[in-house]
Structures are given as structure tokens and as C-alpha cells.
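# Descriptive structure summary
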Amino acid sequence: GQNIDQPTEMTATEGAIVQINCTYQTSGFNGLFWYQQHAGEAPTFLSYNVLDGLEEKGRFSSFLSRSKGYSYLLLKELQMKDSASYLCAVRDRNAGNMLTFGGGTRLMVKP
Amino acid sequence: DVKVTQSSRYLVKRTGEKVFLECVQDMDHENMFWYRQDPGLGLRLIYFSYDVKMKEKGDIPEGYSVSREKKERFSLILESASTNQTSMYLCASSLSGHLGGGNTIYFGEGSWLTVV
């Protein structure tokens, strides 16, 4: 089985930087995904990491450390529209390469 | 752009009713998935299909069945709806028969089902 943990809720201020952590335990790690989900909408793909290090995409970056079973999503220059849930998902080759999702982190951006 | 369309956004059904949730994707994806999403539990995989007429159980298949008669369409069936199946249901699809690499999955907008 897999355990994926991420904080339930976070609050940050517009213009600031926020880091959302995700820890996981899996027997056959084969990639980690981050998704954004606005209330009442479908999750949308943000980033993918399979090797250690930082992947940067504009205001969003995602980091992975496979040895620590740890990832974070970094959001810079926060905007009100970044208020959403952020889902961490891990792919396990020993589970047919299926994705297992964490419970999501609800981020509230305040003015 | 990939489009995954779920036929019903909001449904209210009675206990014991048979419920069909339909999903269509327009990108010729081989893989299709049904998840349910509940507060605090995240997304849980119910069933998936990697080809027409093929289906595999996910983590929580009990009380559900699926049908994939055409490549673009994947249906979720609740044979006899129960109140604990009140949830948001998400359909998704992805490229290729091989589920590795950076191939992400694309989600539909969700179907909110209330069973009373």
C-alpha cells in the first residue's frame, strides 16, 4: 500500500510565497504529480517529478527527494486565483503504475 | 485540448435505484478511470479500463460496475444506489496503454451524486 500525507489546509497572503509539502511511502516509486483543483471543478495537471530536484514552471515549482519520500509545491507571487486545493499523487510501478492521491491541501489566499 | 465530458453534473437518486454515470473523451485515449472524491479521503480509484471491453478493479470497486463498449466512452453503474455512495465522481483518461512516464491523466468536471 501507499501512504501520502499533505496538510489539510494552509493560508497565505496575496503576493507571498507558500510551500505545500507532501510525504509518501511507496514500494515502487515511479513519479509524483501535483494537481490544482478549484472548488467544484476538475483537477488540472500542474507538474511531474520523477528524478530528484526542482522543476520550475513560471510561478510554480515542484521539488522531489526520492530518498526522503518528500516533495513540495512552491507557489510564488501568490494571487487570489491560486485559492484552490492542491493534490499530490504518486505513481507506483508495483501497483500497475496507478496513481494514488493524497487528501489534498486547501490553500486560501487572503488579500 | 483534451476534453473529458461527464454527462450529468448533479444528480439526486433514491436508495435502491440503478444509476448510470456516463463519460466521453475526445482524444482517442486508451486508458479511462472512475474515481470518487470525498472530503478528507482524497481521490479513490473505483475502476479503470485500458482498452475497449477491458476493465480492472481499483481500490473501492464494491457496489459499482463499469462498461467500456467504445473507446471514447466509459460508464460507471451503481446497481442499487445506497446513501454511502453520495459523493463526487470524477472520470479521467490518459494516453497510451503504458501507464508510465510523465503521461498525466485528464479529468472531467465531476458528477455530484446525492442518494436519498
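Residues numbered from 1 in each chain as written. Chains lettered and ligands numbered in written order. Predicted model: local features only at pLDDT ≥ 70, side-chain atom pairs only at ≥ 80, totals over all residues. Heavy atoms only, no water.

## Focus: the side chain of Ser61 of chain A
Looking at the element boundaries, Ser61 of chain A is found in strand β7 (residues 60-65). Apart from residues lying up to four places away in sequence, Ser61 of chain A is in contact with Leu54, Glu55, Glu56, Tyr72, Leu73, Leu74 and Lys76 of chain A. (Helix = DSSP H or I, 4+ residues; strand = E, 2+ residues; numbered from the N terminus. Contact = heavy atoms within 4.5 Å.)

## With respect to the nonpolar core
Judged by nonpolar contacts, the single largest core of 21 residues is most densely connected at Leu32, Trp34, Leu75, Tyr86 and Leu107 of chain A. At the level of secondary structure, the elements contributing two or more residues to this core comprise β3 (18-25), β4 (29-37), β7, β8 (70-75), β9 (84-92) and β11 (105-110) of chain A. Leu32 of chain A has contacts with Cys22, Tyr24, Ser47, Tyr48, Asn49, Leu64, Ser71, Cys88, Ala89 and Val90 of chain A, leaving out every residue within four places of it along the chain. Within the second largest apolar cluster, 20 residues are counted, among which are Leu21, Leu76, Leu113 and Val115 of chain B. (Core = buried A, V, L, I, M, F, W, Y, C linked by side-chain atoms within 4.5 Å. Buried < 20%, exposed > 50% of the residue type's maximum accessible area, 1.4 Å probe, protein only.)

## Looking at the packing of aromatic side chains
In this structure the tally under the stated criterion is 16 aromatic pairs over all chains. Plain terms: the ring middles of Tyr35 of chain A and Phe45 of chain A are 6.2 Å apart, the flat faces sit at 70° to each other, and that makes the pair edge-to-face. You can see Tyr35 of chain A sitting in strand β4 and its partner Phe45 of chain A sitting in strand β5 (residues 44-49), a full 10 residues away along the chain. Pairing Phe101 of chain A with Phe107 of chain B gives two aromatic rings, centres 6.1 Å apart and planes at 70°, and the pair type is edge-to-face. Taken together, the positions of Phe101 of chain A in strand β10 (residues 98-101) and Phe107 of chain B in strand β10 (residues 105-107) put the pair across two chains. (Phe/Tyr/Trp six-rings, centres within 6.5 Å; stacked < 30°, edge-to-face > 60°.)

## Notes on the pattern of salt bridges
Any two side chains of opposite charge can pair if their charged atoms end up close together. Under the defined criterion, the tally for this structure stands at 11 salt bridges over all chains. For the salt bridge of Arg106 of chain A with Glu9 of chain A, the shortest nitrogen-to-oxygen distance reads 3.5 Å. Taken together, the residues Arg106 of chain A in strand β11 and Glu9 of chain A in strand β2 (residues 9-13) connect sequence positions 97 residues apart. Note on Arg106 of chain A: relative accessible area 44%, which makes it partly exposed. Of the charged contacts, one joins Lys53 of chain B and Glu69 of chain B as a salt bridge, the two residues approaching to 2.5 Å between their closest N and O atoms. Within this pair, whereas Lys53 of chain B is found in the loop between β5 (42-49) and β6 (56-57), its partner Glu69 of chain B is found in strand β7 (residues 65-70), the two being separated by 16 residues in sequence. Accessibility classification places Lys53 of chain B together with Glu69 of chain B in one group, the exposed group. Within the structure, one salt-bridge network assembled from shared partners comprises Asp28, Glu30 and Lys71 of chain B. (Salt bridge = Lys/Arg side-chain N within 4 Å of Asp/Glu carboxyl O.)

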